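Observations on chain architecture
Residue strings, one per chain:
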Amino acid sequence: MYKFEPDDTVANGGAWIQIGQTITGDGFKSALSFAKLTEDGSILGAGSFLNGDEQNGQLRIFQWDDTANLWVQIGSTIEGSDKARLGVFPHFSRDGRTIAFSQTGDPHKCHVYQWQEVNSDWIRIENKKVFPDSFICMDLSPDGRKVILCSTDEQRC
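Residues numbered from 1 in each chain as written. Predicted model: local features only at pLDDT ≥ 70, side-chain atom pairs only at ≥ 80, totals over all residues. Heavy atoms only, no water.

**Some points on the pairing of strand 9 (residues 98–103)**
In terms of burial, strand 9 is a largely internal element, six of the six residues being buried. By the alternation rule, side chains of strand 9 split into Thr98, Ala100 and Ser102 and Ile99, Phe101 and Gln103, which are all buried. The pairing of strand 8 (residues 86–92) with strand 9 spans four bridges and is classified as antiparallel. From the neighbouring strand, Phe92 faces strand 9, where its bridge partner is Ile99. From the end of strand 8 to the start of strand 9, which pair antiparallel, there are five residues, and Gly96 there has a positive phi angle of about 80°. Here six bridges tie strand 9 to strand 10 (residues 109–116), and the two strands are oriented antiparallel to one another. Bridge pairing in strand 10 links Gln103 to Lys109. Between strand 9 and the antiparallel strand that follows it, strand 10, lie five residues. (Buried < 20%, exposed > 50% of the residue type's maximum accessible area, 1.4 Å probe, protein only. Helix = DSSP H or I, 4+ residues; strand = E, 2+ residues; numbered from the N terminus. Pairing = 2+ DSSP bridges.)

Encoded structure:
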């Protein structure tokens, strides 16, 4: 993560300065491939759709800690299964409490999770009846209450 500092170096024209630690995958074949910041830059979603030998994928969500100057993971890692290749195209609501993302495995699917303060974890808030298979591209409204799904297979939204 980098922050632009307008008065720093480059002849006082500004420079990009890394803030916090570098976030890496958690093992072999887990290179991070998708990332998204909330509108204010305080929460980061990092997806690794080829994570693990089975390419199940995963999504980890981090929050910036001003005191420690670190990105701290919040909640559990959201793990895919059955070669789901989960963690693609993450989108946050404006407040960062809802995240939508896709999986590119077979079948293509979209998922929406919401932060639950009581459990201090991410809870899935959709099911197969609501979001049918074959949809891969998506976008989430700023309030987190609307989602658009698009299918490359069926060429429709």
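Next comes the rest of the write-up.
**Quick notes on the packing of aromatic side chains**
Tallied over the full model, the rule gives six aromatic pairs. Centre to centre, the rings of Phe34 and Phe49 are 5.8 Å apart; their planes meet at 65°, and the pair counts as edge-to-face. A residue pair is termed long-range when its members are at least 10 positions apart, and Phe34 in strand 3 (residues 34–37) and Phe49 in the loop between strand 4 (43–48) and strand 5 (58–65) qualify at 15 residues. Of the residues examined, Phe34 reaches a relative accessible area of 23% and is grouped as partly exposed. Seen in terms of ring centroids, Trp115 and Trp122 are 5.2 Å apart; in terms of plane orientation they differ by 65°. Their pairing is edge-to-face. Three or more aromatic residues joined by ring pairs form one cluster here, namely Phe34, Phe49 and Phe89. (Phe/Tyr/Trp six-rings, centres within 6.5 Å; stacked < 30°, edge-to-face > 60°.)

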